[in-house]
Amino acid sequence: MLELPINLDELAFVLHRGPEMNMECFLDCETGEIIYIPTETSALSAMFQSLFEPERMNVEALARDITRRDTALKYIPDNFSLVVFELMNGFLESTSIPDYLKNRLYKAIHGNGGFSEFHSILKGAPKFLKKFIQFRDEFYLCKAIEWLKDNNILVPHKN
């Protein structure tokens, strides 16, 4: 099992970054550092000024080139779409919320708006938005620890 000094909060964020972040992420298997690689063509073009065609570049090879590393890189997937439903339902099931608000949030989860609508409704109820953010952060941290275990990486202990 690999033991690395990993920033768990950072890993929790990148595992659930969402597609709007326009980046791929890798874990340096020697240092535990998380490497961010932009995937938006305009950002890549600006970085490399037409040295290659960004849409044809292998992202892992690009990560090695940018970081000038010969170490093994572990791809960190974006799991947001895989866990967002579980996140929203988990919050509703674990939190005491007035029925009128809970009904609106359930409709958002099962309607067209999804997470955006869910979050928008919570913005109108700041007390519950604060509770949701705390729940989300703890949920993401647990998912990050699961990901490390699934990838045979020893979970670092905070002192």
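Placed above this text is the structure.
Residues numbered from 1 in each chain as written. Predicted model: local features only at pLDDT ≥ 70, side-chain atom pairs only at ≥ 80, totals over all residues. Heavy atoms only, no water.

We now examine the overall build of the protein. Along its length, the protein carries seven helices and five strands. Listing the helices and strands of the protein from first to last along the sequence gives β-α-β-β-α-α-β-α-α-α-α-β. Taking all 159 residues of the protein together, 39% fall into the buried category. As displayed, the protein offers around 9,600 Å² of accessible surface, 50% of which is attributable to carbon and sulfur atoms. (Helix = DSSP H or I, 4+ residues; strand = E, 2+ residues; numbered from the N terminus. Buried < 20%, exposed > 50% of the residue type's maximum accessible area, 1.4 Å probe, protein only. Areas by Shrake-Rupley, 256 points an atom, 1.4 Å probe, with all protein chains shown as cover.)

Moving on: the packing of aromatic side chains. What characterises a pair of aromatic rings is the spacing of the ring centres plus the angle enclosed by the ring planes. The tally for this structure, following the rule as stated, stands at nine aromatic pairs. Centroid distance Phe 135 to Phe 139: 6.2 Å. Interplanar angle 20°. Geometry classified as stacked. Pair noted here: Phe 135 and Phe 139 are both in helix α7 (residues 126–150), with a separation of four residues, about one helical turn. Each member of the pair, Phe 135 as well as Phe 139, is classed as buried. Three or more aromatic residues joined by ring pairs make a cluster, and in this case those are Phe 80, Phe 91, Phe 115, Phe 118, Phe 132, Phe 135, Phe 139 and Tyr 140. (Phe/Tyr/Trp six-rings, centres within 6.5 Å; stacked < 30°, edge-to-face > 60°.)

Moving on, we get to the side chain of Lys 143. Looking at the element boundaries, Lys 143 is found in helix α7. Given a relative accessible area of 16%, Lys 143 falls into the buried group. Every residue in contact with Lys 143, bar those within four places of it in the chain, is listed here: Leu 15, His 16, Val 83 and Glu 86. (Contact = heavy atoms within 4.5 Å.)

Next up on the list: the environment of Leu 154. Here Leu 154 lies in strand β5 (residues 153–154). Sequence separation of Leu 154 and Pro 5 is 149 residues, and the distance between their C-alpha atoms is 9.2 Å. Look past the residues within four positions of Leu 154 in its chain and what remains in contact with it is Met 1, Leu 2, Glu 3 and Leu 4.

Taking strand neighbours across the sheet as the criterion, the three strands line up as β3-β2-β4 in an open arrangement whose pairing is antiparallel. Two strands lie at the open edges of the sheet, namely β3 (34–38) and β4 (73–76), each paired on one side alone. Strand-to-strand twist across the sheet, computed as the mean angle between neighbouring axes with direction ignored, equals 30°. Taken together, the five bridges between strand β2 (residues 23–28) and β3 define a ladder with antiparallel strand orientation. Residue pairing for β3: Leu 27 is matched across the bridge by Ile 34. Against the sheet, helix α1 (residues 8–15) engages β2, β3 and β4, with an angle of about 30° to β3. (Pairing = 2+ DSSP bridges. Axes fitted to C-alpha atoms, helices over the stretch in contact; angles between N-to-C directions.)

Compared with the 16 Å implied by 1.5 Å per residue over twelve residues, the 16 Å span of helix α5 (residues 99–110) between its first and last C-alpha is a close match. Looking only at α5, the buried set comprises Leu 101, Leu 105, Ala 108 and Ile 109. Along α5, the residues classed as buried sweep out an arc of 100° about the axis, all on the same side. Within α5, the exposed residues directed more than 90 degrees away from the buried face are Asp 99, Tyr 100, Lys 107 and His 110. (Expected span 1.5 Å × (residues − 1). Arc of directions from axis to C-beta.)

Along the polypeptide, Pro 77 turns up in the loop between β4 and α4 (80–94). C-alpha of Pro 77 to C-alpha of Val 14: the two residues are 63 residues apart in sequence and 8.0 Å apart in space. Beyond its immediate stretch of four places on either side in the chain, Pro 77 contacts Val 14, Leu 15, Arg 17 and Trp 147.

Quick look at the layout of surface pockets now. Of the volumes computed, that of the largest pocket is approximately 180 Å³. Taken together, Phe 13, His 16, Arg 17, Gly 18, Pro 19, Glu 20, Met 21, Phe 80, Phe 115, His 119, Arg 136 and Tyr 140 form the lining of the largest pocket. Broken down by secondary-structure element, the contributors of at least two residues to the lining of the largest pocket are α6 (114–123) and α7. (1 Å grid on protein atoms, 1.4 Å probe; cavity = no way out; pocket = protein on both sides within 12 Å on 5 of 7 lines; lining within 4 Å. Points joined across faces, edges and corners; volume = space filled by probe spheres on them.)

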